[in-house]
Amino acid sequence: MIIGLSIAQPAFLSSHNIFNVLTQSAIFGIMALGLTFVIISKGIDLSVGSVLAFSGVIASSLGQSAEATSKYFPNLPIMPVLVPILAALIVGALCGGLSGFLIAKTRIPAFIATLGMMTVARGMALIYTDGKPVSTLIPSFTAIGGKVFGVIPIPVIIYFVMIIISTILLSNTRFGKNVYAIGGNINAAEVSGVNVKRNLIMIYAYSGLLAGLAAVVFAGRVGSVHPGAATGYELTAIASTTIGGTSHSGGIGTIWGAFVGALVLAVLRNGLTLLGVDAYWQQVVEGVIIVVAVIIDMRKNAKKD
Amino acid sequence: MDEEKYLLEMDNIVKTFPGVKALKGVNLKVKHGEIHALMGENGAGKSTLMKCLAGIHPPTSGTIIYDGKKQGQYTTAQALQMGISMIHQELSPILHRSIMENIWLGREPRNKFGLIDHQKMYVDSIEVLKEIDINEDPKTHMVELTVAKMQMIEIAKAISYDSKLIIMDEPTSALTEKEIKQLFGIMRRLKAQGKSIIYISHKLDEIYEVTDRVTVYRDGEYIGAEDTKDLPEDKMIKMMVGREVSELFPKTPCSIGDLMLEVENLSHRKFFKDVSFNVRKGEILGIAGLVGSGRTEVIESIFGIKQKLSGTVKIEGKEVDIKTPEDAISNHLAILTEDRRMSGIFPMLSVRLNMAIANIPKYLNGVGLIRNRELIRECNEYVKKIQVKTPSLMQKVENLSGGNQQKVLVARWLMTNPDILFLDEPTRGIDVGTKSEIHRLISQLAGEGKSIVMVSSELPEVMGMSDRIMVMHEGRVTAIVDNSEDLTQEELMSYATGTVAADV
Ligand SMILES: Nc1ncnc2c1ncn2[C@@H]1O[C@H](COP(=O)(O)OP(=O)(O)OP(=O)(O)O)[C@@H](O)[C@H]1O
Ligand SMILES: [Mg+2]
């Protein structure tokens with residue numbers, strides 16, 4: 001597909017555009033990393049888009065510059081950018097952890113628990129902001145959306161660092177093995193000494209944490225966060241993970257797959273735009289491609305077995 | 001040759017999977033009205049051959065002549081129409097549906113409006129269950145049944161197709177003596193009706209008791225076929241293994257030390273009451289009893305899988321409070337559970353992770369990362385030690401033969417190097433050669449001063465391996481006896497059926 005696109009539209013292959021595509025995929029790509037853990041454990045997290053918005057508005061409100069017209073904390077001195085970043089991560093992890101707690105303790109389906117969290121977090125974002133965007137962020141905050149050495153976008157760096165951390169977490173730690181075990185056979189995991197409850201909470205907390213991080217990147221790039229931001233991003237992130245070969249029946253999946261899946265979607269959007277495809281038609285094409293990609297992937301796996 | 005004599009002739013069947021040649025051109029001939037045994041070590045290809053026959057996966061090459069006609073490719077549904085039904089080695093009941101829905105799945109009786117006729121289904125189910133002497137309401141959900149009951153339902157289902165050829169792939173591995181006797185009665189009745197049965201089991205006494213002819217395979221190859229009565233045991237084992245197997249229960253006497261585990265007045269809300277026993281270092285305690293006697297539940301409660309109601313557990317004299325398997329493992333306990341599929345294997349995960357999962361902390365380095373090289377080395381060591389037949393450590397466990405899946409689980413728990421090891425039917429579905437190997441390992445562990453509690457439905461195994469034997473009946477301990485030369489199976493059975501109780 002990438003080759004096809006670069007022939008049809010040479011602009012596609014310019015380094016500028018490549019970074020552009022990666023930057024575009026960074027936000028839902030980061031969320032897809034967390035979703036990979038969730039989906040391997042045979043769960044789902046529908047809340048990441050809303051959690052992005054909620055942690056995003058909170059972080060932004062702590063990182064507004066003095067001249068912001070609607071300042072949330074007028075008496076607050078300007079704080080180092082680390083404060084809003086940490087705030088976003090903590091809020092995200094708490095939201096995710098709460099979903100995880102509900103799933104682990106009450107055994108309600110993840111679909112329901114995170115659907116609830118999705119609605120609650122969106123509502124909280126709206127209450128907190130009274131429906132208005134939080135804007136005029138301090139320069140050190142918006143710098144996160146910028147580039148180092150004028151070439152490499154910081155969102156891409158953050159994204160890659162998280163890919164590496166997530167890969168190590170998933171393949172080289174006990175937590176990662178537990179994630180596969182829980183998705184592979186939850187009873188057997190329990191008997192083998194896996195603390196299923198604690199691990200479920202950790203899985204969803206990690207997903208929430210990454211949604212919080214995605215919020216930081218979002219705020220840095222856009223310069224403001226609207227309480228309605230990132231609506232539907234959870235579905236793009238889930239699609240990325242699924243295109244990357246992570247199985248919803250649990251126990252199967254890789255971080256690398258999620259990265260490739262996110263890239264496929266970003267390339268697709270970018271390519272269709274460069275080719276001048278009408279925005280409405282883009283959606284139709286995207287939907288078809290998602291389904292076809294997963295069918296091909298499953299066929300390939302079925303042959304391997 | 002007399003064409004009519006054979007119901008089934010499979011000739012030169014080859015079956016390959018990626019990286020594995022499971023069948024390398026094997027034969028099988030089954031007569032009308034014959035009970036025909038398939039024998040061979042774990043991974044010899046017995047189940048694979050039967051799946052080819054039942055239309056689950058077509059053979060890569062070879063011919064199948066059934067009922068006098070050469071058959072092309074066919075599906076499971078067509079196989080059933082042809083009169084071939086199969087009881088699978090791995091049970092796959094639909095847990096949250098009723099017995100009757102499971103039995104009539106895909107062929108539910110309809111009324112004149114084309115809707116499912118539940119009344120007829122119910123009545124027919126009672127009929128079917130009566131045939132195998134099972135006293136359950138057909139509306140009971142499968143989850144509520146024991147593994148043995150599920151297996152009996154599976155058997156009832158296979159029979160209800162009224163097939164000419166019934167394949168039974170290790171049907172008795174989840175059954176106890178009583179149900180096995182029932183099953184043999186059913187098999188003899190079917191045979192008298194002129195039906196043929198293909199029977200797979202690793203238990204030699206069963207083969208001699210019920211089968212007419214045996215075909216032996218080894219490593220995907222056909223070794224030979226004989227009438228059962230003309231084939232002495234040692235010769236059959238030699239055909240299977242390719243060498244002599246010395247001793248079946250290589251129990252070495254070892255010095256029994258201090259008290260290790262003491263269980264006092266353990267009770268469960270539902271399954272058992274006032275169970276007390278102890279195990280010393282270096283001792284093997286066997287637990288015998290019928291299905292439903294609470295044996296499994298006792299050890300699962302000690303391990304924190306089930307919640308006990310009251311009672312105390314002491315390890316080396318200190319009372320411990322084990323609430324979860326995690327607690328149990330940190331107290332150096334290990335358990336090989338009864339139900340391989342439900343609480344044992346991770347089907348689509350690798351052999352490696354399946355073996356290592358209970359033991360990951362051992363392989364962590366200072367910063368919490370897994371030292372893979374060491375982990376792989378140790379897995380390979382165990383693969384060799386207990387002869388797990390797998391193309392690589394990365395193979396999915398679901399692609400291993402049933403016996404080899406069991407070996408992976410045995411390896412998982414041996415790798416944790418426990419002080420107290422609970423084994424629930426440890427050699428279920430394991431071939432004779434490896435069985436003696438696993439028995440040797442258990443014995444060796446006891447020799448190292450570990451305590452072993454072994455639940456087994458095979459009385460010879462319990463009697464061959466244990467120092468002492470505890471017998472349970474309906475949730476209560478009816479006897480704890482020293483194992484000695486003059487202990488008989490009959491005596492144990494009388495405790496197990498509750499007709500006699502020894503002083504406890
Ligand atoms: N779906 C599959 N994919 C890959 N390999 C397979 C598959 N099914 C079976 N095998 C391999 O084929 C060989 C024969 O397996 P099979 O299950 O027929 O053995 P078996 O004789 O029934 O053994 P057991 O007594 O342990 O049940 C084994 O080496 C197994 O690993
Ligand atoms: Mg088999």
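Use the structure listed above.
One structure accompanies this document, and this report is about it. (Residues numbered from 1 in each chain as written. Chains lettered and ligands numbered in written order. Predicted model: local features only at pLDDT ≥ 70, side-chain atom pairs only at ≥ 80, totals over all residues. Heavy atoms only, no water.)

### Quick notes on the overall build of chain A
What counts here: Helix numbers and strand numbers start at the N terminus; a helix is a DSSP run of H or I with at least 4 residues, a strand a run of E with at least 2. Accessible area is worked out with a 1.4 Å probe on protein chains only. A residue is then buried under 20% of its type maximum, exposed over 50%, and partly exposed in between. The contact definition used throughout considers only heavy atoms, calling two residues in contact when any of these lie within 4.5 Å. Areas reported as accessible are Shrake-Rupley estimates using a 1.4 Å probe. Residue values count occlusion only from the protein chains shown.
Along the backbone of chain A there are 13 helices and two strands. With respect to the principal axes defined by its C-alpha atoms, chain A has extents near 60 × 55 × 35 Å. The 305 residues of chain A split such that 53% are buried. For chain A, restricting intrachain contacts to residue pairs at least 6 apart in sequence, the fraction spanning at least 24 positions comes to 78%. If you sum the accessible surface of chain A, you get close to 13,000 Å²; carbon and sulfur atoms cover 72% of it.

### With respect to the sheet that holds strand β7 (residues 165–169) of chain B
Residues and elements named next belong to chain B. Applied cut-off: Should DSSP find at least two bridges between two strands, the strands are taken to pair. Interaxial angle, 0 to 180 degrees, is taken between N-to-C directions of lines fitted to C-alpha atoms, where a helix line uses only the stretch in contact.
Taken together, the six strands give an open sheet; going across it, the order is β6-β7-β8-β3-β9-β10, and neighbouring strands pair in mixed fashion. Lying at the two open borders of the sheet, with one neighbouring strand each, are β6 (84–87) and β10 (221–227). Recorded for the sheet is a direction-independent mean angle of 20° between the axes of neighbouring strands. When strand β3 (residues 35–39) meets strand β8 (residues 196–200), the two strands line up parallel, connected through four bridges.

### Focus: unusual backbone geometry
All names here are of chain B. If you check the backbone angles, Asn 12 has positive phi at about 55° while not being a glycine. In this fold, Asn 12 is placed in strand β1 (residues 6–17). By relative accessible area, which is 47% here, Asn 12 ends up partly exposed.

### Structural notes on the environment of Leu46(A)
Residue and element names in this part refer to chain A. Looking at where Leu 46 falls in the secondary structure, it is placed in the loop between α2 (15–40) and α3 (48–62). Leu 46 gets classed as buried once you look at its relative accessible area, which sits at 9%. When the C-alpha positions of Leu 46 and Asp 278 are compared, they lie 28 Å apart, and in sequence the two are 232 residues distant. Beyond its immediate sequence surroundings of up to four residues, Leu 46 is in contact with Phe 111, Thr 114, Leu 115, Met 118, Glu 234 and Ile 238.

### Comments concerning a nonpolar patch on the surface
Residue and element names in this part refer to chain A. For clarity, the cut-off: Think of a patch as exposed residues, more than 30% relative accessible area, with no salt bridge, where like charges cluster within 9 Å and nonpolar side chains (Val, Leu, Ile, Met, Phe, Trp, Tyr) cluster within 5 Å. A carboxyl oxygen of Asp or Glu within 4 Å of a side-chain nitrogen of Lys or Arg is what we treat as a salt bridge.
On the surface, Leu 98, Phe 101, Leu 102, Ile 108, Phe 111, Ile 112 and Leu 115 cluster together to form a nonpolar patch covering roughly 580 Å² of accessible area. Counting residues per element, the ones that place at least two in the nonpolar patch are α4 (82–106) and α5 (110–129). Mapped onto the secondary structure, Leu 102 falls in helix α4.

### Some details on the nonpolar core
The criterion, for reference: Grouping buried Ala, Val, Leu, Ile, Met, Phe, Trp, Tyr and Cys residues that are joined through side-chain atoms within 4.5 Å yields what is termed a nonpolar core.
Formed by 157 residues in total, the largest nonpolar core has its most connected members in Phe277(B), Trp413(B) and Phe422(B). Here Trp413(B) is in contact with Val191(A), Ser192(A), Phe303(B), Ile329(B), Ala334(B), Ile335(B), Leu336(B), Ala358(B), Pro418(B) and Leu421(B), once residues within four sequence places are set aside. Residues Leu91(B), Val147(B), Ile207(B) and Val432(B) belong to the second largest nonpolar core, which totals 49 residues.

### Things to note about the site of ligand 1
Residue and element names in this part refer to chain B. How we decide: Here a residue counts as near a molecule or strand whenever at least one of its heavy atoms sits within 4 Å of it. Counting of polar contacts relies on pairs of N or O atoms within 3.5 Å, with two restrictions inside protein: one atom must be capable of donating a hydrogen and the other of accepting it, and residues adjacent in sequence are counted only when both atoms are side-chain atoms.
Taken together, 21 residues are adjacent to ligand 1, and Lys 46, Ser 47, Thr 48, Ser 401 and Gly 403 come closest. One of the backbone nitrogen or oxygen atoms of Gly 45 is found 2.8 Å away from an oxygen atom of ligand 1. Between Asn 399 and ligand 1, the recorded distance is 3.1 Å, taken from a backbone N or O atom to an oxygen atom. For the shell around ligand 1, the secondary structure elements donating two or more residues are β2 (20–31), α1 (46–53) and α14 (402–415). When residues of the shell around ligand 1 are assigned to their parent elements, the largest contribution, three residues, is made by α1.

### A closer look at the coordination of the magnesium ion (ligand 2)
All names here are of chain B. Heads up, the rule is: Atoms of type N, O and S within 2.8 Å of a metal are treated as its donors, and for Na, K and Ca the window is 3.2 Å; water is not considered, so some sites may appear to be missing partners.
For the magnesium ion (ligand 2), every protein donor is listed as Ser 47 (OG) and Gln 89 (OE1), and the spread of their distances is 1.9 to 2.1 Å. Residue Ser 47 is located in helix α1, and its partner Gln 89 is located in the loop between β6 and α3 (99–103); the two are separated by 42 residues in the primary sequence. Since its relative accessible area comes to 15%, Gln 89 is described here as buried.

Shape descriptors only; they carry no functional weight alone.
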